[in-house]
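Summary of the model geometry
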Amino acid sequence: MQDPVFYLTMAMAGLSAVAIVAMTLLRGWNGWLDLKRAELQHHPIEPATPSVGNRIEVADLKERIRKLEAIAAGVDL
């Protein structure tokens, strides 16, 4: 099995297999990206308007953070 032609043939076959797999994966990736681009064009992202409940919840969280910061600073509420 010291035939250099055998090793050259096996190396070329392996390289060809890797190239075919890489090209197939690249085509699949490009197809997936095209699909996502098409989805984004048909469904544009609209800015969400905050509801009253969300605003109240955010205000409550800000109040909690303020209290926790005061406790951490040692201020008595």
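Notes on the structure follow.

Rules used throughout
Residues numbered from 1 in each chain as written. Predicted model: local features only at pLDDT ≥ 70, side-chain atom pairs only at ≥ 80, totals over all residues. Heavy atoms only, no water. Salt bridge = Lys/Arg side-chain N within 4 Å of Asp/Glu carboxyl O. Helix = DSSP H or I, 4+ residues; strand = E, 2+ residues; numbered from the N terminus. Buried < 20%, exposed > 50% of the residue type's maximum accessible area, 1.4 Å probe, protein only. Phe/Tyr/Trp six-rings, centres within 6.5 Å; stacked < 30°, edge-to-face > 60°. Expected span 1.5 Å × (residues − 1).

**Comments concerning the pattern of salt bridges**
Enumeration over the complete set of coordinates arrives at 4 salt bridges. Arg-64 is paired through a salt bridge with Asp-60; the nearest N and O atoms lie 3.6 Å apart. Of this pair, Arg-64 and Asp-60 both sit in helix H2 (residues 52-73), 4 residues apart, roughly one helical turn. Classification of Asp-60 as partly exposed rests on a relative accessible area of 38%. One salt bridge in this structure joins Arg-66 and Glu-63, with 2.5 Å as the shortest N-O distance. Residue Arg-66 and its partner Glu-63 are both found in helix H2; the two are separated by 3 residues, about one turn of the helix. Look at Glu-63 and you get partly exposed, because its relative accessible area is 30%.

**A look at the packing of aromatic side chains**
Summed over the entire model, instances satisfying the criterion amount to 2 aromatic pairs. On the basis of an interplanar angle of 70° and a centroid distance of 5.6 Å, the ring pair of Phe-6 and Tyr-7 is categorised as edge-to-face. A relative accessible area of 35% places Phe-6 in the partly exposed class.

**Considering H2**
A rise of 1.5 Å per residue sets the reference length of H2, with its 22 residues, at 32 Å; its end C-alpha atoms lie 32 Å apart and thus fit the reference within 8%. Gly-74, located one to two residues past H2, shows a positive phi value of around 85°.

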